[in-house]
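An overview of the molecular structure
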Amino acid sequence: MSGLEGEELHAWRQYIYSVSGNNLDPSKSYLIESRLSALLEMEGCATFGELYYRARSERGTALRRKIIDVITVGETSFFRDGNPFTLLRNKIIPDLIDRRNRANRANPAYQTPIKIWSAACSTGQEVYSIAITLKELLGTMSSYKIRIVGTDISDQALSRASYGQYSKFDVERGLSETQLQRHFERTGSGWRVCDELRAMVTFQSVNLTEDFCPIGKFDIVFCRN
């Protein structure tokens, strides 16, 4: 099996961009090759060209979804980079709550709405980091109407995110021991997000190159990849 180069590489780059919005540099040919190689055997294809032809000519979306899954594996971790969550906790959420409470102080039954979207959320660590931030900041949730939505183009990533189970390696990247013990449950060799946090979030498939208006309006949008 020969490597990807020339017109074939260009065709694959164009196809990947058309279905996922990922604009892969020509120097990333090794990445395309390595991630598509497993699909060659799975689909019974002898060459990348044969796989490309099958993807372009299929009537359904099964193969396209598989290609998206292997190409869009993203780098993520809990509380990645730190500063966005510090800003969320210390500035953005307090200001949002204060502004809305002042406008609705005459209504004793008012529940402050907070709607947050994590776009390209991958396997969900960013979404649960947002939920942990809100839980630790606000405590009881009875005074708030919270909606946290995580979206991604990869069905495989969304399945993992929705289930909310992570390996020892995953939880050691960004979580303190206190956060781990407070917000996760031990499950065999891994850890699963507690029911209270999972109830705060929803996940759905969204391709950011297509119309995403149906998911609604949000106060805060994380779009960091």
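Scope of this entry: the structure provided in the associated data block.

About the cut-offs
Residues numbered from 1 in each chain as written. Predicted model: local features only at pLDDT ≥ 70, side-chain atom pairs only at ≥ 80, totals over all residues. Heavy atoms only, no water. Pairing = 2+ DSSP bridges. Helix = DSSP H or I, 4+ residues; strand = E, 2+ residues; numbered from the N terminus. Axes fitted to C-alpha atoms, helices over the stretch in contact; angles between N-to-C directions. Contact = heavy atoms within 4.5 Å. Core = buried A, V, L, I, M, F, W, Y, C linked by side-chain atoms within 4.5 Å. Buried < 20%, exposed > 50% of the residue type's maximum accessible area, 1.4 Å probe, protein only. Right-handed = clockwise from strand over helix to strand, strands pointing away. Phe/Tyr/Trp six-rings, centres within 6.5 Å; stacked < 30°, edge-to-face > 60°. Disulfide = S-S within 2.5 Å.

A few words on the sheet that holds strand β1 (residues 112-118). Spatial strand order, β6-β2-β1-β7: four strands in an open sheet with parallel pairing. Bordering the open sheet on either side are β6 (201-205) and β7 (220-222), each of which pairs with just one other strand. The mean inter-strand angle of the sheet, taken between neighbouring strand axes irrespective of direction, is 20 degrees. Bridge count between strand β2 (residues 144-152) and β6: five bridges; the pairing is parallel. For Gly150, the partnering residue across the bridge sits in β6 and is Phe203. In the packing of helix α6 (residues 125-138) onto the sheet, the strands contacted are β1, β2, β6 and β7, and the crossing angle to β2 comes to about 165 degrees. Packing of helix α7 (residues 155-163) onto the sheet brings it into contact with β2 and β6, and relative to β6 it is tilted by some 170 degrees.

Its location among the elements puts Ser122 in the loop between β1 and α6. Residues in contact with Ser122, not counting those within four places in the same chain, are Gly74, Thr76, Asp152, Ala157, Leu158 and Ala161.

What follows is about the nonpolar core. Within the largest apolar cluster, 35 residues are counted, with the highest numbers of intra-cluster contacts made by Ile93 and Phe184. Going through the elements one at a time, α5 (83-103), β1, α6, β2, α7, β5 (190-193), β6 and β7 are the ones with two or more residues in this core. Dropping the residues within four chain positions of it, Ile93 is found in contact with Leu88, Ile114, Ile116, Leu134, Leu137, Leu138 and Ile220. Counting 21 residues, the second largest nonpolar core, distinct from the first, contains Leu4, Ile32, Ala55 and Ile68.

Quick look at the pairing of β1 now. Of all seven residues in β1, five are buried, a share of seventy percent or more. With seven bridges connecting them, β1 and β2 associate as parallel partners. Paired with Trp117 across the strands is Val149, a residue of β2. In terms of handedness, the path from β1 via α6 over to β2 forms a crossover that is right-handed.

The next subject is the sheet that holds strand β4 (residues 184-187). Read across the sheet, three strands follow the order β3-β5-β4 without closing on themselves; strand pairing throughout is antiparallel. Looking at which strands have only one partner, the edges of the open sheet turn out to be β3 (165-167) and β4. Sheet twist, expressed as the average angle between the axes of neighbouring strands with direction ignored, equals 35 degrees. As defined by bridge partners, β4 adjoins β5 across four bridges and the pair is classed as antiparallel. Note that in β5 the partner of Glu185 across the bridge is Arg192.

Take the packing of aromatic side chains next. Scanning all chains against the criterion turns up eleven aromatic pairs. Plain terms: the ring middles of Trp117 and Phe218 are 5.7 Å apart, the flat faces sit at 35 degrees to each other, and that makes the pair tilted. With a gap of 101 residues between them, Trp117 in strand β1 and Phe218 in the loop between β6 and β7 connect regions that are remote in the sequence. Judged on exposure class, the residue Trp117 and its partner Phe218 are both buried. Taken together through their ring pairs, the aromatic side chains of Phe78, Tyr128, Tyr166, Phe184 and Phe203 make up a single cluster.

Our next topic: the state of the cysteines. Using the criterion set out here, one finds zero disulfides in the structure. Considering cysteine sulfurs only, Cys121 is the nearest to Cys223, which forms no disulfide, with 11 Å between them. A relative accessible area of 52% places Cys223 in the exposed class.

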